Number of protein chains: 2
Amino acid sequence: MTTTTLVPVFAALGDETRWSILVALGEGDASASALAGRFPVTRQAIAKHLAVLEEVGLVESVRVGRELRYRVLGAQLSETAQRLDRIGAEWDRRLAAIKRIAEGL
Amino acid sequence: MTTTTLVPVFAALGDETRWSILVALGEGDASASALAGRFPVTRQAIAKHLAVLEEVGLVESVRVGRELRYRVLGAQLSETAQRLDRIGAEWDRRLAAIKRIAEGL
DNA sequence: GAATAGTGCAACTATGTGGTTGCAGTATTC
DNA sequence: GAATACTGCAACCACATAGTTGCACTATTC
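Note that the coordinates shown come from a computational prediction; the quantities given were computed from them, not determined experimentally. (Residues numbered from 1 in each chain as written. Chains lettered and ligands numbered in written order. Predicted model: local features only at pLDDT ≥ 70, side-chain atom pairs only at ≥ 80, totals over all residues. Heavy atoms only, no water.)

Draft legend 1. Molecular detail of the confidence of the model for chain A. Confidence in the prediction for chain A averages 91 pLDDT; 95% of positions are at 70 or higher. Within chain A, the element-level pLDDT minimum falls on helix α5 (residues 74-102) of chain A, averaging 89, and the maximum on helix α4 (residues 43-55) of chain A, averaging 97. (pLDDT = per-residue confidence, 0-100. Helix = DSSP H or I, 4+ residues; strand = E, 2+ residues; numbered from the N terminus.)

Given below as structure tokens:
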């Protein structure tokens, strides 16, 4: 049970390049160097993004020989999604209640 | 059906102050000035945050007399959550398949 | 063991943005 | 209609960060 706070996860997801990297990893594990071949940024830039993503638990890394291979963690994304959904539903529920009261019912 | 792209929504959610504002609005509609009373930042800072949130469809504004009152849109949050969940599930599914193949099954 | 392919670290740049102050504009209320 | 609350706009500051280059380090491969 990764009890990461939500906001940093969103901050990590809120960058186009980082999102592209996640999508690329969704098609299969890859190293920073391999990813650098597919994007118009340097390997180091990608390495920084991967560090951010790993920090918030969206990816994990595994050493394979002389390369560091990254794997996307869909479960963390799903957990974040569920938390989001609960919050959104709660807001709608509460505001609907306020509206009912305001209408004098 | 708000077909906003995901990344800007995450970027909007990825700021502590903005998240706090959303949470506050979750307890009931409020204007920028009213919110400014509850947070350690100026009204203008809050107004900027509200503009960002409105831009990505997380809140909407309604003129009430001489004040602009903001309302949180839980539905947009829930929709974002569902999109996230689907993506996360898809990644896990695909990577599990790759793993199965790698294991020669 | 020499060449190679990959990662790690540091310094630096530039742009974005969260925050501020100050003032003008616009509805209310008395 | 004058005082009062709000909002709206603009300029500005400071810090975070996405990106770069350059080089050292480490593990393969031949």
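On we go.
Draft legend 2. Seen up close, the protein's contact with DNA strand C. Surveying the vicinity of DNA strand C reveals 21 residues, the closest of which are S33(A), R43(A), T42(B), K48(B) and H49(B). For DNA strand C, a phosphate oxygen lies 2.5 Å from a polar atom in the side chain of T42(B). Between DNA strand C and G65(B) there is a distance of 3.0 Å, counted from a phosphate oxygen to a backbone nitrogen or oxygen. When contributions to the surface near DNA strand C are tallied by element, the ones reaching two or more residues are α3 (32-38), α4 and β3 (67-72) of chain A together with α2 (16-26) and α4 (43-55) of chain B. The element that contributes the greatest number of residues to the surface near DNA strand C is α4(B), accounting for 4 residues. For the surface near DNA strand C, the class distribution of residues is 5 nonpolar, 8 polar and 8 charged. (Near = heavy atom within 4 Å. Polar contact = N/O pair within 3.5 Å; in protein donor to acceptor, adjacent residues only side chain to side chain. Nonpolar A, V, L, I, M, F, W, Y, C, P; charged D, E, K, R; others polar.)

Draft legend 3. Quick look at the interface of chain A and chain B. On the side of chain B, 36 residues touch chain A, which itself brings 36 residues to the contact. For chain A, the biggest contributors to the area lost against chain B are V7(A), L84(A) and W91(A); these three give 23% of the whole. Linking chain A with chain B are 0 salt bridges. At 17 residues, the largest contribution of residues to the side of chain A that touches chain B is made by α5(A). In terms of residue class, the side of chain A that touches chain B is made up of 21 nonpolar, 8 polar and 7 charged. (Contact = heavy atoms within 4.5 Å. Buried area = accessible area lost by both parts, 1.4 Å probe. Salt bridge = Lys/Arg side-chain N within 4 Å of Asp/Glu carboxyl O.)

Draft legend 4. Structural view of α4(A). Residue and element names in this part refer to chain A. Relative to the 18 Å expected for 13 residues at 1.5 Å per residue, α4 spans 18 Å between its end C-alpha atoms, a close match to the ideal helical length. Here α4 has its buried residues at I46, H49, L50 and L53. All buried residues of α4 lie within an arc of 100° about the axis, which places them on one face of the element. Projecting away from the buried face of α4 at angles above 90 degrees are the exposed residues K48 and E55. Residues of α4 that are buried sit in contact with α1 (6-13), α2 (16-26), α3, β2 (59-64) and β3. With its phi angle positive at about 75°, G57 sits one or two positions after the end of α4. (Expected span 1.5 Å × (residues − 1). Buried < 20%, exposed > 50% of the residue type's maximum accessible area, 1.4 Å probe, protein only. Arc of directions from axis to C-beta.)

Draft legend 5. Here's a closer look at the protein's contact with DNA strand D. Taken together, 21 residues are adjacent to DNA strand D, and T42(A), K48(A), H49(A), S33(B) and R43(B) come closest. Interatomic distance of 3.5 Å between a backbone N/O atom of L68(B) and a phosphate oxygen of DNA strand D. Put simply, the parts of the chain that give the surface near DNA strand D at least two residues each are α2 and α4 of chain A together with α3 (32-38), α4 and β3 (67-72) of chain B. The dominant element in the surface near DNA strand D, judged by the number of residues it contributes, is α4(A), at 4 residues. Here the residues of the surface near DNA strand D sort into 5 nonpolar, 8 polar and 8 charged.

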